[in-house]
Amino acid sequence: MKLAGKVAVITGGAMGIGRAIAEGLATEGARIVIADRARAVEAAAAMSAQGFSAAGIATDVANEADVERMAKHAVETFGGIDILIPNAAIFTTIRPKPFHEITAQEWRDVMDVNTLGVFLSVRACLAALSRSTSGRVITISSGVAFKGNPLYLHYVASKGAVVSMTRSLARELGPRKILVNSLAPGFTLSDGVLANPALIAGARKPSLGGRTLERDMYPSDLVGAALFFAGPDSAFITGQTLVVDGGTYFH
Ligand SMILES: NC(=O)c1ccc[n+]([C@@H]2O[C@H](COP(=O)([O-])OP(=O)(O)OC[C@H]3O[C@@H](n4cnc5c(N)ncnc54)[C@H](O)[C@@H]3O)[C@@H](O)[C@H]2O)c1
């Protein structure tokens, strides 16, 4: 129970990678706040039914007032915030297209959730994280930031920004003893991906082919790395991005 007594806020935690990480942290004793645009309360109820301590709050991470409410809810419900995982992002619903066909509105929509959402989440949780004796932020970037995948320019740009934000935030938050690291997953069969057969048809085979460990990747493959960054074993590590992709990109 390496996270006993800790409070973790996970955005986009109702399903997919966020949900798997939420359950992994809860298994180590953390109390969980699921903040999601959809089914946050239901996901928290399902976790509570599994015997975990969890609360849910409907949150659009691109909405400043929502995100402030999320942080307040976590503090009021569990007394503080020790771990923030700003995981929510637009990815699984994006239709791949050549960059010159991406509209300005599509660009803004992706950036609003994937970068502004991270900024707003860290900012809203800053005061509570500063009071923690073991403050952690774990961003979720992506291997695409290093590989430069085509047909997703807005998404790739947003995940490159998350890597850079992780580094800059690590420097700014170091004096407050808050560690900031990132996980960069490879193509993962998350709930959102599984609901998008076209995405699977386009990405699964090339992803498998590029892997040293040639098998599908699941949200559960990220849990160990998330626990490492959330817990005491990473106490002198900050600003880093750990690629978890079965050995596709050696970072
Ligand atoms: N699945 C992959 O292959 C993959 C690879 C690399 C990185 N990632 C990253 O992992 C994270 C999770 O991806 P996933 O595949 O589990 O996605 P998913 O689609 O399975 O789940 C995403 C969750 O985020 C929520 N969400 C979306 N927009 C939101 C918003 N504005 N406010 C609050 N919640 C919102 C959704 O409701 C959903 O519960 C994302 O940051 C994604 O970019 C995914």
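Rules and cut-offs
- Residues numbered from 1 in each chain as written.
- Predicted model: local features only at pLDDT ≥ 70, side-chain atom pairs only at ≥ 80, totals over all residues.
- Heavy atoms only, no water.
- Near = heavy atom within 4 Å.
- Polar contact = N/O pair within 3.5 Å; in protein donor to acceptor, adjacent residues only side chain to side chain.
- Areas by Shrake-Rupley, 256 points an atom, 1.4 Å probe, with all protein chains shown as cover.
- Helix = DSSP H or I, 4+ residues; strand = E, 2+ residues; numbered from the N terminus.
- Contact = heavy atoms within 4.5 Å.
- Buried < 20%, exposed > 50% of the residue type's maximum accessible area, 1.4 Å probe, protein only.
- Salt bridge = Lys/Arg side-chain N within 4 Å of Asp/Glu carboxyl O.

Asker: Would you explain the site of the ligand in this entry?
Answerer: Within the structure, the ligand sits among 28 residues, and Asp-36, Asn-87, Tyr-155, Thr-188 and Ser-190 are positioned closest to it. Within the side chain of Thr-92, a nitrogen or oxygen atom sits 2.8 Å from an oxygen atom of the ligand. In this structure, an oxygen atom belonging to the ligand sits 2.6 Å away from a side-chain N or O atom of Tyr-155. For the ligand, whose accessible area on its own is 830 Å², the fraction buried by protein is 96%. Breaking the shell around the ligand down by element, the ones donating at least two residues are α1 (16-27), α6 (153-173) and α7 (191-194).

Asker: Help me understand the environment of Ile-21, please; the structure alone is not making it clear to me.
Answerer: As for its position among the elements, Ile-21 is in helix α1. Sequence-wise, Ile-21 and Leu-116 are 95 residues apart; in three dimensions their C-alpha atoms are separated by 22 Å. When sequence neighbours within four positions are dropped, the list of residues in contact with Ile-21 reads Ile-85, Ile-140, Leu-183, Val-223 and Ala-226.

Asker: What exactly am I supposed to notice about unusual backbone geometry here?
Answerer: Residues apart from glycine generally show negative phi values, whereas peptide bonds are mostly found in trans. With a phi close to 60°, Arg-39 is a non-glycine residue in the positive phi region. Structurally, the position occupied by Arg-39 is in the loop between β2 (31-36) and α2 (40-49). Located in the positive-phi region is Leu-151, a residue other than glycine, with phi close to 75°. Secondary-structure assignment places Leu-151 in the loop between α5 (144-147) and α6. Owing to a relative accessible area of 43%, Leu-151 belongs among the partly exposed residues under this scheme.

Asker: Please clarify how the pattern of salt bridges should be interpreted in this entry.
Answerer: Two side chains with opposite charge may pair up if their charged atoms get near one another. Summed over the entire model, instances satisfying the criterion amount to eight salt bridges. Of the charged contacts in the structure, one is a salt bridge between Glu-23 and Arg-19, with a shortest N-O distance of 2.9 Å. Here the residue Glu-23 and the residue Arg-19 both occupy positions in helix α1, the gap between them amounting to four residues, near one helical turn. Taking relative accessible area as the criterion, Arg-19 reaches 19% and is therefore assigned buried.

Asker: Help me understand the environment of Phe-91 in this model?
Answerer: Counting through the fold element by element, Phe-91 comes out in the loop between β4 (83-86) and α4 (104-131). In sequence terms Phe-91 and Tyr-152 are 61 residues apart; their C-alpha atoms lie 9.1 Å from each other. Residues within four places of Phe-91 in sequence aside, it is in contact with Tyr-152, Tyr-155, Val-193 and Leu-199.

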